[in-house]
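Spelled out, the chains give:
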Amino acid sequence: QALREATGYEKHPLVLKHHPSGLVPTLVDADEAEPAVYDSLICVEFCEDLATTGVVQGGTPLLPGDAVQRGRARIWADYVNKQICSQFYKVLVPKDLAVRAE
C-alpha cells in the first residue's frame, strides 16, 4: 500500500515478493527456488552469463567476444540506462491510471 501511494500505481505481487521496491526488470526462475536477479544492467549480465556458460543450451551471447568491445558495450548500456531511460521513465510509466489505461 505504501509503495502504491508513493508511486501512484500498483506493482504485481510477484514482483514485490522478489524485489521489495517493486522495480523491473526482476528475473525469477520458474519454481522460485533461487533468489531473484534485478536491475537492468545486472539482468543483462546475468543473461550473458547464462548464454556463455552453457546453462542455456544454444544460447547466443549478448556481448561481443572481445574484452575491449564488451567494455565499450557496457559503457553504452550504462549511458543509455542513466541518460535516456531515466529521463523518460515518467513517460514510460505514467502515474495517472487513466493515462496508463490508454
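What you see is a predicted model, and the numbers here were worked out from it, not measured in a lab.

A. Here's a closer look at the pattern of salt bridges. Evaluated as defined, the whole model comprises three salt bridges. Here Lys17 makes a salt bridge to Glu32, at a shortest N to O gap of 2.8 Å. Placement of the pair is Lys17 in helix α2 (residues 13-18) and Glu32 in the loop between β1 (26-27) and β2 (37-38), with a sequence separation of 15 residues.

B. Region of interest: a nonpolar patch on the surface. A cluster of nonpolar side chains, Trp76, Tyr79, Val80, Ile84 and Phe88, forms an exposed patch at the surface whose accessible area comes to about 500 Å². Structurally, the position occupied by Phe88 is in helix α4 (residues 67-92). Residue classification places Phe88 among the partly exposed residues on the basis of a relative accessible area of 46%.

C. Geometry of unusual backbone geometry. Of note in the backbone geometry, Glu32 takes a positive phi value of approximately 60 degrees without being a glycine. In this model, Asp39 sits at a positive phi of 90 degrees, which is unusual for a non-glycine residue. Within the secondary structure, Asp39 sits in the loop between β2 and α3 (40-52).

D. Spotlight on the packing of aromatic side chains. Tallying each qualifying case throughout the model produces one aromatic pair. Judged by centre distance (5.7 Å) and plane angle (80 degrees), the rings of Trp76 and Tyr79 are edge-to-face. Highlighted residues: Trp76 and Tyr79, both in helix α4, separated by three residues, approximately one helical turn. Take Trp76: its relative accessible area is 52%, and that puts it in the exposed class.

Here is what the cut-offs are and how they apply
Residues numbered from 1 in each chain as written. Predicted model: local features only at pLDDT ≥ 70, side-chain atom pairs only at ≥ 80, totals over all residues. Heavy atoms only, no water. Salt bridge = Lys/Arg side-chain N within 4 Å of Asp/Glu carboxyl O. Helix = DSSP H or I, 4+ residues; strand = E, 2+ residues; numbered from the N terminus. Patch = residues over 30% accessible without salt bridge, like charges linked within 9 Å, V, L, I, M, F, W, Y side chains within 5 Å. Areas by Shrake-Rupley, 256 points an atom, 1.4 Å probe, with all protein chains shown as cover. Buried < 20%, exposed > 50% of the residue type's maximum accessible area, 1.4 Å probe, protein only. Phe/Tyr/Trp six-rings, centres within 6.5 Å; stacked < 30°, edge-to-face > 60°.

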